[in-house]
Amino acid sequence: MTGIPASAAGGAGAKPARGPKPALAAPGPSGASRVKGTGDGQAGLWNIANILTMMRLVLVPGFVALMLQDGGYDPVWRAWAWAAFAVAMITDVFDGHLARRYNLVTDFGKIADPIADKAIMGAALVCLSALGDLPWWVTGVILFRELGITLMRFWVIRHGVIPASRGGKAKTLAQGTAVGMYVLALTGPLATLRFWVMAVAVALTVLTGLDYVRQAVVLRRRGLAAERAAREGGVTESSR
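Computed from a prediction, not measured in an experiment: that's the story for all the values here.

### What to know about helix α2 (residues 48–67)
For step 1, the next point in the chain: The end-to-end C-alpha distance of α2 is 28 Å, a good match for the 28 Å that 20 residues give at a rise of 1.5 Å each.
For step 2, the next point in the chain: At V60, α2 shows its maximal bend, which comes to roughly 30°, and the proline P61 appears one to four places after that position.
For step 3, the next point in the chain: Among the structural elements, α3 (75–101), α4 (107–130) and α6 (166–183) are those in contact with the buried residues of α2.

Here you go:
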């Protein structure tokens, strides 16, 4: 006898040695599966949502080049610029939906997606104002609001997230439609119509911006009150 159990010696009753458990696919909240046991469960960088966001970023210089081709007043080049702008707006809708639907949210996407949104819209507004098609004050109001709200979200993020409101979504739709109409070389009644669409977009931009500021102030006050209550509770517990 060797003193070694038969199972360890590889006898008839031996059990195979266990290796590391394979990664299991666990369903996400929307039914999509993700890898479990491979880090924090975050999707990889190269997923369809991030690729669409990257494509939107690449479209920005292409849009500017098309917009300013031949002095910026050629209807054909403006039509191509509109096509690039429209693709960017459409991918903006789909990349966020895909990321949430199939658990493809990544740190890169959280940062790059709003940057891509502001970049294509900002590029279009600046080009239109530089060409004299849109007053600079309109561009200033929209860009100031978009940049300000983005910075404000980061300011209160430790207290919570300000969700996108219906007004904010309506604002995005109105801005995209109005800017797209200005990118095209429209004349006659359509040129008049785009003026009023832009007026609606500017009004929604200001009103939703003020509403987001209100939400941020309320969220920060609640967060600070909760932190203060937690500190006071800790002091009370330690003094007992």
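### A word on the nonpolar core
For step 1, the next point in the chain: Among the nonpolar cores identified, the biggest contains 31 residues, and F63, M67, F85, V179 and M198 are the most heavily contacted of them.
For step 2, the next point in the chain: Mapped by element, the contributors of at least two residues to this core are α2, α3, α4, α5 (136–156), α6 and α7 (189–238).
For step 3, the next point in the chain: With sequence-adjacent residues up to four places away left out, F85 is seen in contact with F63, I120, M121, A124, G176, V179 and G180.

### A word on the packing of aromatic side chains
For step 1, the next point in the chain: Here the structure, examined in full by the defined rule, presents two aromatic pairs.
For step 2, the next point in the chain: For the ring pair F63 and F85, a centre distance of 6.0 Å and an interplane angle of 45° mean the geometry is tilted. In this pair, F63 is assigned in helix α2 and F85 in helix α3, connecting sequence segments 22 residues apart.
For step 3, the next point in the chain: Taking the centre distance of 5.1 Å and the plane angle of 80° together, the rings of F195 and W196 count as edge-to-face.
For step 4, the next point in the chain: Exposure remark for F195: the relative accessible area of 47% places this residue in the partly exposed category.
For step 5, the next point in the chain: Overall, the relative accessible area of 54% leaves W196 in the exposed class.
For step 6, the next point in the chain: When the ring centre of Y182 is taken as reference, the NZ or CZ atom of R194 above it lies at 4.5 Å.

### A short note on a nonpolar patch on the surface
For step 1, the next point in the chain: A surface patch of nonpolar side chains, amounting to about 350 Å² of accessible area, comprises W46, I48 and I51.
For step 2, the next point in the chain: Inspection of the secondary structure assignment puts I48 in helix α2.
For step 3, the next point in the chain: Looking at I48, the relative accessible area reads 43%, which means it is partly exposed.

Scoring rules and cut-offs
- Residues numbered from 1 in each chain as written.
- Predicted model: local features only at pLDDT ≥ 70, side-chain atom pairs only at ≥ 80, totals over all residues.
- Heavy atoms only, no water.
- Helix = DSSP H or I, 4+ residues; strand = E, 2+ residues; numbered from the N terminus.
- Expected span 1.5 Å × (residues − 1).
- Bend = angle between axes of the 7 residues up to and from the residue.
- Contact = heavy atoms within 4.5 Å.
- Core = buried A, V, L, I, M, F, W, Y, C linked by side-chain atoms within 4.5 Å.
- Buried < 20%, exposed > 50% of the residue type's maximum accessible area, 1.4 Å probe, protein only.
- Phe/Tyr/Trp six-rings, centres within 6.5 Å; stacked < 30°, edge-to-face > 60°.
- Lys NZ or Arg CZ within 6 Å of the ring centre and 35° of its normal.
- Patch = residues over 30% accessible without salt bridge, like charges linked within 9 Å, V, L, I, M, F, W, Y side chains within 5 Å.
- Areas by Shrake-Rupley, 256 points an atom, 1.4 Å probe, with all protein chains shown as cover.
- Salt bridge = Lys/Arg side-chain N within 4 Å of Asp/Glu carboxyl O.

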